[in-house]
Amino acid sequence: MPHILAVDDSSSMRQMVSFTLASAGYAVTEAEDGAIALDKARGGQYDLVLADVNMPNMDGISLIRALRALPAYQYTPMLMLTTEAGDGKKQEGRAAGATGWLVKPFNPEQLLATLKRVLPQ
Amino acid sequence: MSIDIRQFHAGFFEESLEGLSVMEAGLLDLESGQATEETLHAIFRAAHSIKGGAGSFGFSRISQATHHLETLLDEMRAGHRSADAGVLKVLYQSVDGVRAMISAAQAEQPCPEAQVQAFEAALKAVLGAAPASGSAAQADAPAPAPSSRAAWSIHCAPAPGLLATGNEPLLLMQALAELGELTGTLIEPQGEDVAIETLSVDDCRLAWDLTLVTDADEATIRDVFSWVDDCCALTVTQRAATSPPKPEATAPVAVAATAVAEQPARLEATVAAPPQLPTASIRVGVDKVDALIDLVGELVITQAMLHQAVSGLDPVQFERLHSTLEQLERNTRSLQSSVLAVRMLPVGTVFSRFPRVVRDLADKLGKRVKLVLEGEATELDKGMIERITDPLMHLLRNALDHGLETIEERRAVGKPEECRLKLSARHASGSIVLEIEDDGRGLNREKILAKAIERGVISERPATDADIDNLIFEPGFSTADAVTDVSGRGVGMDVVRKNVLALGGRIELFSNPGKGTRVAVRLPLTLAILDGMSVAVGDEVFIVPIASVMESFQPQPGQMPPLGGQQRLVKVRDTYLPLMRLADHFGLPTAYEGPGIAVVVEADGRRLALMVDALVGQQQVVIKSLEQNYRSVPGVAGATILGDGRVALILDVSRLTAVSALAIAA
């Protein structure tokens, strides 16, 4: 069972993401911001990181950059959740090592469909 | 799998309303110049979260409206725009508008469209251009019409670093295969040869020629590669003929893909931990907590009954029973306080609403006011917090409207132009004291007196200044020369006092003419239990709230001079206090002949000595409503069940002192 680290400062988004992922059979761990996520990621191995971009303490892009530098997360898929439809944040995220992105707003079905692109079924 | 998104709505509403409070607090800081670098970011993030959540949870109108707000905040965050008064006004207006939208959605009411359009127009005016279409609108855009079935040639040559982005060629091909029939060939990548010593197993040095027969259009095919288009050479061309390619010319994709199958294997090999639930907090219904508190209350009573039943047993013979019961008592007490703590919230949750109110009001009244909040972390019962908000709001409005002076008035008397209004909370001997203190003009006693006499509230001048000040709590009293829309029609202060009394609290007023006014609201920590002193009268036991007990003593005959044939006063040190025999007051038969005990109690600044037969003890009692179970009885605040199973009445000291004051006056 793949274990996913879901990072978002919005508790209702975390709730929705966690519920959706858990319903689909994934194990989920939540983190409220980038700094907490980095701590949790260091303490365990996750198969996928889903990170919101705008967060206090450490934003999603910095988190992805920091994780990518860790040997354990060199190849781990990391998706950013962004509301920016434009290319700016996507390019910034890609430069930091993001695997891909999911544009908010998204519904549970879109989230699961996106996961299929990075997690083997 | 279909997931009902509505189950997340309550969380979204609550979080969004919290976010709006954060925004409001941030705007106030910006306005007062107390903002730090983080302030704008926090405001932006709150707007951003509301927008993102609204879109995801199906509130496209909210998402659309917050888009402009977010754009403006983003410009401010980037330093392209300063927080001048005009911008702040629009931001306040927007916060109010978004709050109205969320409240409407929460109540399943239609969107307050007029208010929303007003703030949207204001935002657009500030942004100075037609707004860019929001992402919500983009999400609603119709999908492109399906194209007819065609064969596509796809050449895909990932850069060596592809795997290090977490992307996986096999999954890309699986995604393509879902679009139609996919066949392909693994080919050798073009480019320079790599020396064996620099070859890394982490590099992806493969390329594919693929054929896809699909209904999908080119954009859909390219979308599969959207995450890798910068690290993957890609060509997608439509073949002229739609006939599928000959199978013998190509090898199945699955074979080609085995070369990169190492990565998923590693993923699967990691030990999957069991699903972890969020541990930070859980949201539960208040009714569940209340049921729990009720049950614990019953448990405390049962434990007390058990204690009483066992107390007659020989402590040596039943040593283990006694010690186990003691342990049960300790555990019950800590269970009770833990459960009560669940209902406790910091008063900051109420306080945070006031800065905005004070700002708006001060603006309207032409006063400059600095609101100081203290002790926001002090915890208070949730039910109490809900019921004290309106009285506090009224006291604040009153202080602003009547207490504080305008800039000119303050200048004239040599005070600093900025008024100081302090709202504080603190613990004080088992209760919470909420204080509103201003440095305004204080109460005008002569005016109050004149008005009270005119209104027939009193007939002659009360003895003390404090009594005059307290007249403002009398029903129907108002000193406002003109009725203002700020603090209303003088129906407020008596209602404030009534509400505070109903919570088992009391309100005290201290005025210093020319210097300011202080109003202290003293509340019990919780509505569920009470620290009480039990007193015996005849066969009955009454509970006196310990917070109102000043002292108790055995009066000597000389301390109680007969007055008109009755002992109606007791001399305590140098002052005489009214004396009330509880037996007489409640019409109880008492055969008690002894000297009795006088318990001096205080409420609303009035003292009274209660004559009882004996003091029984001091204990925490669980409050049961008399009104709900029987009916309201004057002088009785509630009831409780004693350890022996009997019902004891809890005295309403405030009412008793008022009754005795009337009796003395008569």
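Residues numbered from 1 in each chain as written. Chains lettered and ligands numbered in written order. Predicted model: local features only at pLDDT ≥ 70, side-chain atom pairs only at ≥ 80, totals over all residues.

### Considering the overall build of chain A
The condition is simple: To qualify as a helix, a DSSP run of H or I must reach at least 4 residues; to qualify as a strand, a run of E must reach at least 2; elements of each kind are numbered from the N terminus. We call a residue exposed when 12 or fewer other C-beta atoms sit within 10 Å of its C-beta, buried when the count reaches 20 or more, and partly exposed for counts in between; the C-beta positions come from the backbone. We call two residues in contact whenever the C-beta atoms placed from their backbones are within 7 Å.
A tally of regular secondary structure across chain A gives five helices and five strands. Sequence-ordered secondary structure for chain A, helices as α and strands as β, is β-α-β-α-β-α-β-α-β-α. The proportion of buried residues among the 121 residues of chain A is 60%. Expressed as a percentage of contacts within chain A between residues at least 6 apart in sequence, the contacts between residues at least 24 apart total 57%.

### So, the overall build of chain B
The helix and strand inventory of chain B stands at 22 helices and 23 strands. Here chain B holds 666 residues, and the buried ones make up 30% of them. Long-range pairs, those at least 24 residues apart, make up 70% of the contacts in chain B with a sequence separation of at least 6.

### Structural notes on the sheet that holds strand 14 (residues 549-553) of chain B
Residue and element names in this part refer to chain B. Our working definition: Pairing between two strands requires that DSSP report at least two bridges joining them. For helices, the fitted axis covers only the stretch in contact; all axes are lines through C-alpha atoms, and the angles between them, taken along N-to-C directions, range from 0 to 180 degrees.
One open sheet accounts for five strands, arranged 14-19-20-18-17; its pairing is mixed. Edge positions in the sheet fall to strand 14 and strand 17 (569-572), since each has one partner strand and no second. Taking each pair of neighbouring strands and ignoring which way they run, the sheet shows an average axis angle of 35°.

### What to know about the interface of chain A and chain B
Selection rule: All residues other than Ala, Val, Leu, Ile, Met, Phe, Trp, Tyr, Cys, Pro, Asp, Glu, Lys and Arg, Gly among them, are scored as polar; the first ten of these are nonpolar and the last four charged.
The interface of chain A with chain B comprises 44 residues on the first partner and 40 residues on the second. At the level of secondary structure, the elements contributing two or more residues to the side of chain A that touches chain B comprise helix 1 (11-23), strand 2 (27-31) and strand 5 (100-103) of chain A. By residue number, the principal contributor to the side of chain A that touches chain B is helix 1 of chain A, which donates nine residues. Across the side of chain A that touches chain B, the residue classes tally to 20 nonpolar, 18 polar and six charged.

### Quick word on the nonpolar core
To keep things clear, this is the line we draw: When buried Ala, Val, Leu, Ile, Met, Phe, Trp, Tyr and Cys residues are joined through C-beta atoms within 7 Å, the set is termed a nonpolar core.
Of all hydrophobic cores here, the largest spans 83 residues; its most connected members are V49, L50 and A51 of chain A. Once residues within four sequence positions are removed from consideration, A51 of chain A is found in contact with V7, A37, G60, L63, I64, M78, M80 and L81 of chain A. If you look at the next biggest cluster of nonpolar residues, it comprises 37 residues, including V535, V544, V601 and A637 of chain B.

### Thoughts on helix 3 (residues 60-77) of chain B
Residue and element names in this part refer to chain B. The line we're drawing: A helix is expected to reach a length of 1.5 Å times the quantity of its residues less one.
Taking 1.5 Å of rise per residue, the 18 residues of helix 3 would be expected to cover 26 Å, and the 25 Å separating its terminal C-alpha atoms lies within 8% of that figure. Listing the buried residues of helix 3 in full gives I62, S63, Q64, A65, T66, H67, H68, L69, E70, L72 and L73. G79 sits one or two residues past helix 3 and shows a positive phi near 85°.

### Topic: the sheet that holds strand 6 (residues 368-374) of chain B
Strand pairing in a sheet is mediated by backbone hydrogen bonds. Such pairs are either parallel or antiparallel. Residue and element names in this part refer to chain B. Taken together, five strands build an open sheet; the order of strands is 6-8-9-11-10 and the sheet is mixed. Of all the strands in the sheet, the pair left with one neighbour each is strand 6 and strand 10 (506-512). If you compare each strand with its neighbour and ignore which way they point, the axes differ by 15° on average. Here seven bridges tie strand 6 to strand 8 (residues 418-428), and the two strands are oriented parallel to one another. Looking at strand 8, one finds that V372 is bridged to K422. Along the sheet, helix 19 (residues 492-502) makes contact with strand 10 and strand 11 (516-524), crossing strand 10 at roughly 135°.

### Considering the environment of D644 of chain B
Residue and element names in this part refer to chain B. Looking at where D644 falls in the secondary structure, it is placed in the loop between strand 22 (636-641) and strand 23 (647-651). On the neighbour-count criterion, D644 (12 C-beta atoms within 10 Å) is exposed. Sequence separation of D644 and M305 is 339 residues, and the distance between their C-alpha atoms is 5.2 Å. Every residue in contact with D644, bar those within four places of it in the chain, is listed here: M305 and Q308.

### Notes on the packing of helix 14 (residues 354-365) of chain B against helix 15 (residues 382-403) of chain B
Any two packed helices are characterised by the angle at which their axes cross and by the distance between the axes. Residue and element names in this part refer to chain B. The cut-off we apply is this: Each angle is binned into one of four classes, with values under 35 degrees roughly parallel, values over 145 roughly antiparallel, values of 65 to 115 roughly perpendicular, and all other values oblique. Here a crossing is taken to be left-handed if its near helix is turned anticlockwise relative to the far helix by less than a right angle, and right-handed if that turn runs clockwise.
It is at 10 Å that the axes of helix 14 and helix 15 come closest, and there the two elements cross at 25°. Of the possible angle classes, the one that applies to helix 14 and helix 15 is roughly parallel. Along this stretch, helix 14 crosses helix 15, giving a crossing that reads as right-handed. Residues F354, V357, V358, L361, A362 and L365 of helix 14 touch helix 15, and the partners they reach there are M393, L396, R397, L400 and D401. Among the residues forming the contact of helix 14 with helix 15, the class breakdown is nine nonpolar, no polar and two charged.

### A look at unusual backbone geometry
Of the consecutive residues K104 of chain A and P105 of chain A, the connecting peptide bond is found in the cis state with omega at -5°. Inspection of the secondary structure assignment puts P105 of chain A in the loop between strand 5 and helix 5 (108-115). A positive phi angle, near 65°, is found at N57 of chain A, a position not held by glycine. Its location among the elements puts N57 of chain A in the loop between strand 3 (48-52) and helix 3 (60-68). For N57 of chain A, a count of 14 C-beta atoms within 10 Å gives the class partly exposed. Positive phi, normally seen in glycine, also occurs at E108 of chain B, with a value near 55°. Residue classification places E108 of chain B among the exposed residues on the basis of 7 C-beta atoms within 10 Å.

### What about the packing of helix 15 of chain B against helix 19 of chain B?
Residues and elements named next belong to chain B. Axis separation between helix 15 and helix 19 bottoms out at 10 Å; the angle between their running directions is 145°. As helix 15 packs across helix 19, the resulting crossing turns out to be left-handed. Each of R387, P391, H394, L395 and N398 in helix 15 lies in contact with helix 19, whose residues at this interface are G492, M493, V496, N499 and V500.

### Thoughts on the pairing of strand 8 of chain B
Across eight bridges, strand 8 of chain B lies against strand 9 (residues 431-438) of chain B in antiparallel orientation. Of the residues in strand 9 of chain B, the one forming a bridge with L421 of chain B is D438 of chain B.

### Points about helix 14 of chain B
Helix length check: helix 14 of chain B (twelve residues) gives 16 Å between terminal C-alpha atoms against 16 Å at 1.5 Å per residue, within 8%. Two residues or fewer past helix 14 of chain B, G366 of chain B is found with a positive phi of approximately 70°.

### Quick look at the environment of E188 of chain B
Here E188 of chain B lies in the loop between strand 2 (180-187) and strand 3 (207-214). Residues E188 of chain B and L206 of chain B, spaced 18 residues apart in sequence, show a C-alpha to C-alpha distance of 6.2 Å.

### Thoughts on the confidence of the model for chain B
Residue and element names in this part refer to chain B. Operational definition: pLDDT expresses, on a scale from 0 to 100, how confident the predictor is about each individual residue.
Mean pLDDT over chain B stands at 80; residues scoring 70 or higher make up 86%. When mean pLDDT is compared element by element in chain B, strand 13 (residues 540-545) scores highest at 92, while helix 10 (residues 262-269) scores lowest at 38. Between residues 129-146, whose pLDDT stays under 50, and residues either more than four places distant or in other chains, the model counts 24 contacts. Per-residue pLDDT stays below 50 along residues 481-491; that stretch engages in 18 contacts with residues further than four places along the chain or on separate chains. Of the two predicted TM-score estimates for the complex, the pTM is 0.51 and the ipTM is 0.79.

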